[in-house]
Amino acid sequence: MFRIYPKILMILACASMAAMVVGQYAIWFHAPEEATMGLVQKVFYFHLPLAWWSFVAFFGVCAASAMVLWTGREHWDVLAGVLAEIGVLFSGLALVTGSIWGRAAWNTWWTWDPRLSTTLVMWFVYAGYLVLRSADVGGGKGAKVRAVLGIVAFLDVPLVFLSARLWRSIHPAVLASRGGGLEPEMWTAVWINVLAWGALFGTLVLARYHGAGLKRRVEAALIRIQEKTLQ
C-alpha cells in the first residue's frame, strides 16, 4: 500500500478546516439572501458540493476497480472501498440537504422526480457494494469480484447527472443556463465551498486509507505472533 505520513494528514486536515471556515463565511455573509426562498436557499451551498464530490468518489471507485483488474494490486482494492465509503456518506448528505431544500421549494420532503429517484438508486447500489465488501464475497478472488461490481455500479452515475436533461424534471439544472440564475456573489460562495468540501473529501479519503493500512499491518503482526506461538 502507498504510505501516507501523519504529518501530511495533519496539514491537510488543518487546510480543509480553514477552507470550511472561509466557505461558511461566504455562505452566511458574502452571498446575498435569495429573494424567493430566503434563508433556506443557502442549503444549496452544502447540497451542490456534496453531490459533485460524491460523483468524484464513485468515479474513483470505478477507476480503482479497473486498476485492480489490470494490476491485481491490493492497495487499489482498498482505495476503491475507501472511496465508496466517502461517496455513500456524501451522497447520503446530498439527499438529506436536497430534501430540506425541496420542503421549502416544492412543499414536500420527497418526490419521485427523475433526478431524486436515480440518486436514491445510486445510493442504494453503492451501499449494497459496501455490504458485499464487508461480506468478503468471492473468497480468494474477492478483489476481482469487487472490482467488477465497482465498475458496473458506476453505470448509474452518468444517469443521475443526465436525468434532469433526459426526462422532464422539476429539479433545477444549475449549469443548464448561463449563470444558472445565480448572482456573482452566489457563484463565488459556490466555488469556495466546492473547494472546501473537496479539501475535506481528500482529507477523509487519505485518513481512511491510512487507517486501512495500519489495520492491515496490525493484522499481519498478529498472524506472525500466532504462527510463532504455534511453533
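### Observations concerning the side chain of serine 117
By the element assignment, serine 117 lies in helix H4 (residues 114–134). Owing to a relative accessible area of 19%, serine 117 belongs among the buried residues under this scheme. What serine 117 contacts, discounting residues up to four positions off in sequence, is Trp110 and Trp112.

### Thoughts on the side chain of serine 16
Examined against the element boundaries, serine 16 turns out to sit in helix H1 (residues 6–30). Only 2.8 Å separates the side chain of serine 16 from the backbone oxygen of alanine 13, close enough to count as a polar contact. Beyond its immediate chain neighbours, meaning those up to four positions away, serine 16 contacts Ala199, Leu200 and Thr203.

### A closer look at the confidence of the model for the protein
Chain-level pLDDT for the protein is 85 on average; 88% of the residues reach the 70-or-more range. No element of the protein has a lower mean pLDDT than helix H6 (residues 156–166), at 77, and none a higher one than helix H2 (residues 44–71), at 95.

### Quick look at a nonpolar patch on the surface
Taken together, the side chains of Tyr25, Trp28, Phe29 and Leu39 present a nonpolar region at the surface, about 510 Å² in accessible area. Along the chain, the position of leucine 39 falls in the loop between H1 and H2. The exposure class of leucine 39 is partly exposed, given its relative accessible area of 49%.

### Regarding the pattern of salt bridges
All chains considered together, the criterion is met by three salt bridges. Notably, a salt bridge pairs aspartate 77 with arginine 146, separated by 2.7 Å at the nearest N-O pair. Remark: arginine 146 occurs in helix H5 (residues 142–153) and aspartate 77 occurs in helix H3 (residues 74–106); sequence separation between them is 69 residues. Accessibility assignment for this pair places aspartate 77 and arginine 146 in one class, buried.

### Comments concerning the nonpolar core
Formed by 45 residues in total, the largest nonpolar core has its most connected members in Tyr45, Tyr126, Val190 and Phe201. Among residues more than four places away in sequence, those in contact with tyrosine 126 are Phe58, Val61, Val88, Gly150, Ala153, Phe154 and Val157.

### Notes on the packing of H4 against H5
Interhelical geometry of H4 versus H5 gives an angle of 175 degrees and a closest axis separation of 10 Å. With respect to each other, H4 and H5 are oriented roughly antiparallel. Contacts from Val125, Tyr126, Tyr129, Leu132 and Arg133 of H4 reach H5 at Arg146, Leu149, Gly150 and Ala153.

### A closer look at the packing of aromatic side chains
Under the defined criterion, the tally for this structure stands at eleven aromatic pairs. Look at tryptophan 52 and tryptophan 191: their rings are 5.7 Å apart centre to centre, the planes differ by 45 degrees, and that puts the pair in the tilted class. Of the two residues, tryptophan 52 sits in helix H2 while tryptophan 191 sits in helix H7 (residues 184–230), which places them 139 residues apart along the sequence. Judged by its relative accessible area of 43%, tryptophan 191 is partly exposed. A ring pair is formed by phenylalanine 59 and phenylalanine 154, whose centres lie 5.8 Å apart and whose planes are at 65 degrees; its orientation type is edge-to-face. With phenylalanine 59 in helix H2 and phenylalanine 154 in the loop between H5 and H6, the pair connects residues that are 95 residues apart, well separated along the chain. Residue phenylalanine 154 is classed as buried on the basis of its relative accessible area of 18%. Through a chain of ring-to-ring contacts, three or more aromatic side chains come together here, namely Trp53, Phe90, Trp197 and Phe201.

Criteria and thresholds
Residues numbered from 1 in each chain as written. Predicted model: local features only at pLDDT ≥ 70, side-chain atom pairs only at ≥ 80, totals over all residues. Heavy atoms only, no water. Helix = DSSP H or I, 4+ residues; strand = E, 2+ residues; numbered from the N terminus. Buried < 20%, exposed > 50% of the residue type's maximum accessible area, 1.4 Å probe, protein only. Contact = heavy atoms within 4.5 Å. Polar contact = N/O pair within 3.5 Å; in protein donor to acceptor, adjacent residues only side chain to side chain. pLDDT = per-residue confidence, 0-100. Patch = residues over 30% accessible without salt bridge, like charges linked within 9 Å, V, L, I, M, F, W, Y side chains within 5 Å. Areas by Shrake-Rupley, 256 points an atom, 1.4 Å probe, with all protein chains shown as cover. Salt bridge = Lys/Arg side-chain N within 4 Å of Asp/Glu carboxyl O. Core = buried A, V, L, I, M, F, W, Y, C linked by side-chain atoms within 4.5 Å. Axes fitted to C-alpha atoms, helices over the stretch in contact; angles between N-to-C directions. Parallel < 35°, antiparallel > 145°, perpendicular 65-115°, else oblique. Phe/Tyr/Trp six-rings, centres within 6.5 Å; stacked < 30°, edge-to-face > 60°.

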